[in-house]
Amino acid sequence: MTNSLPAVSVVEGMERQLGDAFDAGSVFSFSQLLTHDERDDYPEAACAHLVATGHPRVMIPASLGGDLVSYEHLLAATRALSRRDLTIAVAVGQSFLGAIPVWLRGSPEQQRLVSTIIAEGGQGALALTEEAHGSDLLACEVHATRDGDDALRLSGTKWLINNGTRGRFLSVFARTDPAGGPRGFSLILVDKQALDADALVPLARTPTHGIRGADISGATFLDARVLRSAIIGREGEGLELTLKALQISRTMCAGFSLGAADTALRTTLDFVVSRDLYGRSLTAVPLVARALSTAFADLLLWDGAALGAARGLHVVPLEMSVWSAVIKYAVPVEVERILRELAVVHGARHYLRTGVFQKIMRDVAVVSLFDGNTAVNLQSIALQLRSLLAARAAPDIPAPLFRVTDPLPPFDGGQLDLGNAGTESVVRSLDSPEAAADEARRRGLMPAAVDRMFELASALASAKKALLERTTELWERYGRRAHASPEAFAIASDYARLHGAASALLFWRCNERVLGELAGSEWIEVAISRALLGLHAVAVPPPDSGAYDFLLTHLLRLHRGDLMFSLLPARLASRTRLPS
Amino acid sequence: MTPRDPMEIRNWLMVAFASALKTTVEEVDANAPFVNFGLDSIAAVELSADLGDWLGQRVSPTVIWDYPTIEQLARHLSTVGGA
């Protein structure tokens, strides 16, 4: 039954095309991709294989003839690719980010141009940042001035742009009103092949700590002539369109981190199951067993949160300004933390450049930097804390939001907005802690487990109340300056973790059939109690001791079966050789 | 949703800014751009949430960008479906 879910079918389809990741003869093998990374080389052969198998069509909306049926599909594809190599996955993601404004507000001609470029394997980019002011978009200096009635002249330099040189199309954020302000900027679709010679000078590639083969470069525009019709949407719509595009890409970024984490956990397990220490299997060492089961539980929590968010784009687009910031802040930093804990299990081997684990740790660190870094996303949340936490009658959660077997409505980009205006379906669900206990009882769980579910859900509700009190007190103290205070960032961080925990609980509540074994209380108890610890909540009920053993057994079974470490496990390409 | 009187909205905004700026309503210039009050484009998100809460209808932050004085915003929002 789960085979028809995009989270499973998309991954399985791609895995069949990408082949055995452990077969050193394959262009998509970990070892070949590691070699490219060592040499700072772009993984050309692997990317050519992707193009040949038609993968780029997943970036093109189905309405324009592509394979982008839903954001569940794209999240799954991102994850499958990220399992193999983040350099490739991020390059694909950047082309998609450059295309999003065109999908949202582009003219038919612009949409035709970009879909043709992408379908043929060409790349693109959203060109936002400049060296003097990265996240401060309103300080942007690249500008476009009128040249007659039907043209513009584009000048200035965009810096640290992935695909900056390889990319054929650039969606360039440019100042179109010298006075600036929120309506002073436009996104301009630049087709490099349509520019005059010498209108653009590429910047040299910048070497980076991770995704070392990536084309991180940029472009200097020298009074480049572009048609007015190259403006995406209306003049002055640039900031609004960029922020809306980022709501989509930030949500999809979870796929980068979760995909990479899957490989990190898999290689850790390869090591653990093959190793005996002190006269017994490494899995029998309590510290190791605990580290693996808790890493798995945490990964599944953010898996559930990401799956919900991808559906959120379709079901509650109005809520995505906050939800995308939650995902973009929390998933990358949480995955980095999980990897650091797994590195301890791996021991010295994680540090060796002959292994893929160190590469993943370096690669994954980039995700919290782009498309709005940690601080930017926390600021977005902080600005809306008061309206988000204000007590309101909780409506029933729309069923299609977390129930993955429910069909999704088509995505409507016109429903995206730059603020939630207090509408929020996930954290609000915590106001009814009895719902989790009712579901546990309905599933026939033991009375002790039902009671524990109620305690955990109640603790989450108390944590929400504590956040509201801290927020109220902070705004009383600082007034309108409160959102910029360090305390506001701390509350926003806690809010994001609370949101993640609430998402996981909703996923658990709404998906009994597809969850199978994980529909019991073991996973959700461990995940929520750990989330509560992270929130420094008082009186956290400890999970049942058997829950950790259950999780480890489940994890080992997925590992033996070459299945993705997910709430919805997809079958991965079988290994034809044992790992060395 | 019945439209509010523009004067009501204007007064709500005057009081909100006076309180935020720790000054009196008389000192608040209804024709000055919001940026003069230190309300930048991202802080518009907060104002739009508070305003929408009071009005009982969603106010997009972009509306504040497009009508960037108290006077303009009040007049715009007082029209039916002015969000």
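Criteria and cut-off values
Residues numbered from 1 in each chain as written. Chains lettered and ligands numbered in written order. Predicted model: local features only at pLDDT ≥ 70, side-chain atom pairs only at ≥ 80, totals over all residues. Heavy atoms only, no water. Helix = DSSP H or I, 4+ residues; strand = E, 2+ residues; numbered from the N terminus. Buried < 20%, exposed > 50% of the residue type's maximum accessible area, 1.4 Å probe, protein only. Contact = heavy atoms within 4.5 Å. Lys, Arg positive; Asp, Glu negative; His and termini not counted. Charge placed at Lys NZ, Arg CZ, Asp CG, Glu CD. Rg over C-alpha atoms; globule rule 2.2 N^0.38 Å. Phe/Tyr/Trp six-rings, centres within 6.5 Å; stacked < 30°, edge-to-face > 60°. Buried area = accessible area lost by both parts, 1.4 Å probe. Salt bridge = Lys/Arg side-chain N within 4 Å of Asp/Glu carboxyl O. Polar contact = N/O pair within 3.5 Å; in protein donor to acceptor, adjacent residues only side chain to side chain. Nonpolar A, V, L, I, M, F, W, Y, C, P; charged D, E, K, R; others polar. 1 Å grid on protein atoms, 1.4 Å probe; cavity = no way out; pocket = protein on both sides within 12 Å on 5 of 7 lines; lining within 4 Å. Points joined across faces, edges and corners; volume = space filled by probe spheres on them. Core = buried A, V, L, I, M, F, W, Y, C linked by side-chain atoms within 4.5 Å. Axes fitted to C-alpha atoms, helices over the stretch in contact; angles between N-to-C directions. Parallel < 35°, antiparallel > 145°, perpendicular 65-115°, else oblique. Left-handed = near helix turned anticlockwise from the far one by under 90°.

This brings us to the overall build of chain B. Looking only at helices and strands, one finds four helices and zero strands in chain B. When the helices and strands of chain B are read in sequence order from the N terminus, they spell out α-α-α-α. With the C-alpha coordinates aligned to their principal axes, the bounding extent of chain B is approximately 30 × 25 × 20 Å. Evaluated residue by residue, chain B yields a buried proportion of 49% over its 83 residues. Nonlocal contacts in chain B, meaning residues at least 24 apart in sequence, comprise 58% of its contacts between residues at least 6 apart. In chain B, which carries 5 positive and 11 negative side-chain charges, the distance between the mean positions of the two groups comes to 3 Å.

With that settled, consider the overall build of chain A. The number of helices and strands found in chain A is 17 helices and nine strands. Taken against the 2.2 N^0.38 rule, which gives 25 Å for 580 residues, the C-alpha radius of gyration of chain A at 24 Å falls within 12% of a compact globule. Projecting the C-alpha coordinates of chain A onto the three principal axes gives extents of approximately 75 × 60 × 40 Å. Taken over 580 residues, chain A has a buried fraction of 61%.

Before going further, it helps to spend a moment on the packing of aromatic side chains. On inspection of all chains with the given rule, the structure shows nine aromatic pairs over all chains. Summarising the aromatic geometry, the rings of A:Phe173 and A:Phe185 are spaced 5.1 Å apart at their centres and angled 10° between planes, so their arrangement reads as stacked. Here A:Phe173 is found in strand β4 (residues 169-175), whereas its partner A:Phe185 is found in strand β5 (residues 185-191), with twelve residues between them in sequence. The burial state of A:Phe173 is the same as that of A:Phe185; both residues are buried. Taking 5.0 Å as the distance between ring centres and 50° as the angle between the ring planes, the aromatic pair formed by B:Phe17 and B:Phe37 counts as tilted. Pair noted here: B:Phe17 is in helix α1 (residues 6-21) and B:Phe37 is in the loop between α1 and α2 (44-55), with a separation of 20 residues, a long-range link. On the accessibility criterion, B:Phe37 (16% relative accessible area) is buried.

Across the boundary between the two partners, chain B contributes 16 residues, which contact 22 residues of chain A. If you sort the residues of chain B by the area they bury against chain A, B:Glu46, B:Arg58 and B:Trp65 come out on top, with a joint share of 39%. Linking chain B with chain A are five salt bridges, by the criterion used here. With a shortest N-O distance of 2.9 Å, A:Asp417 and B:Arg58 are connected by a salt bridge. Seen at the junction of chain B and chain A, the total is eight residue pairs in polar contact (both at pLDDT 80 or more). Breaking the side of chain B that touches chain A down by element, the ones donating at least two residues are α2 and α3 (61-66) of chain B. Considering every element that reaches the side of chain B that touches chain A, the biggest residue donor is α2(B), with six residues. Of the residues in the side of chain B that touches chain A, the class split is eight nonpolar, three polar and five charged.

Before going further, it helps to spend a moment on empty space enclosed by the protein. Residue and element names in this part refer to chain A. One pass over the structure, following the stated rule, counts six cavities of 30 Å³ or more. Taken as a whole, the largest cavity encloses approximately 80 Å³ of empty space. Arg83, Arg84, Asp85, Lys359 and Ile360 are the residues nearest the centre of the largest cavity, which is lined by 14 residues in total. For the lining of the largest cavity, the secondary-structure elements that each account for two or more residues are α2 (30-38), α4 (71-84), α7 (238-273) and α10 (357-364).

Looking now at the environment of A:Leu506. Assignment of secondary structure puts A:Leu506 in helix α14 (residues 486-510). Sequence separation between A:Leu506 and A:Leu401 is 105 residues; the distance between their C-alpha atoms is 9.2 Å.

Turning to the nonpolar core, a few remarks are in order. Residues and elements named next belong to chain A. Of all hydrophobic cores here, the largest spans 227 residues; its most connected members are Leu154, Ile188, Tyr495 and Trp523. At 18 residues, the largest contribution of residues to this core is made by helix α8 (residues 286-315). Setting aside anything within four residues of it in sequence, one finds Leu154 in contact with Val142, His143, Ala144, Val172, Ala174, Ile188, Val190, Phe221, Leu222, Asp223 and Ala224.

The next thing to look at is unusual backbone geometry. A positive phi angle, near 60°, is found at A:Leu160, a position not held by glycine. Inspection of the secondary structure puts A:Leu160 in strand β3 (residues 151-162). Phi at B:Lys22 takes a positive value of approximately 55°, unusual for a residue other than glycine. Its place among the elements puts B:Lys22 in the loop between α1 and α2. In this structure B:Lys22 comes out as exposed when scored by relative accessible area, which is 67%.

Moving on, we come to the packing of helix α11 (residues 374-389) of chain A against α14(A). Residue and element names in this part refer to chain A. Contact geometry for α11 and α14: axes closest at 8 Å, N-to-C directions at 80°. Taken together, the axes of α11 and α14 lie roughly perpendicular to each other. Residue-level inspection shows Ala375, Leu378, Gln379, Ile381, Ala382, Leu385, Leu388 and Leu389 of α11 in contact with α14, the latter providing Ala488, Phe489, Ile491, Ala492, Ser493, Tyr495 and Ala496. By residue class, the composition of the contact of α11 with α14 is 13 nonpolar, two polar and no charged.

Moving on to the packing of helix α12 (residues 434-442) of chain A against helix α13 (residues 447-478) of chain A. Residues and elements named next belong to chain A. In the contact formed by α12 and α13, the axes pass within 8 Å of each other and the chain directions differ by 160°. When the axis of α12 is compared with that of α13, the two are roughly antiparallel. As for the relative orientation of α12 and α13, their crossing is right-handed in sense. Taking contact as the criterion, the partners of Glu434, Ala436, Ala437, Ala440 and Arg441 in α12 are, on α13, Val450, Met453, Phe454 and Ala457. When its residues are assigned to classes, the contact of α12 with α13 shows seven nonpolar, no polar and two charged.

Close approach of charged atoms allows side chains of opposite charge to pair. Summed over all chains, the structure comprises 48 salt bridges over all chains. Between A:Glu235 and A:Arg146 there is a salt bridge, with its nearest N and O atoms 3.8 Å apart. Residue A:Glu235 is found in the loop between β7 (216-227) and α7, and its partner A:Arg146 is found in strand β2 (residues 143-147); the two are separated by 89 residues along the sequence. We note a salt bridge from A:Arg386 to B:Glu46, for which the minimum N-O separation is 3.0 Å. Here the residue A:Arg386 occupies a position in helix α11, and B:Glu46 occupies one in helix α2, the pair thus bridging two chains. Assessed through its relative accessible area of 27%, A:Arg386 is described here as partly exposed. Residues joined by salt bridges that share partners form a network here, namely A:Asp298, A:Glu334, A:Arg337, A:Glu341, A:Arg497 and A:Arg530.

All names here are of chain A. Examined against the element boundaries, Gly259 turns out to sit in helix α7. Spatially, the C-alpha atoms of Gly259 and Met564 are 9.1 Å apart, while their sequence positions differ by 305 residues. Dropping the residues within four chain positions of it, Gly259 is found in contact with Arg79, Ser82 and Arg83.

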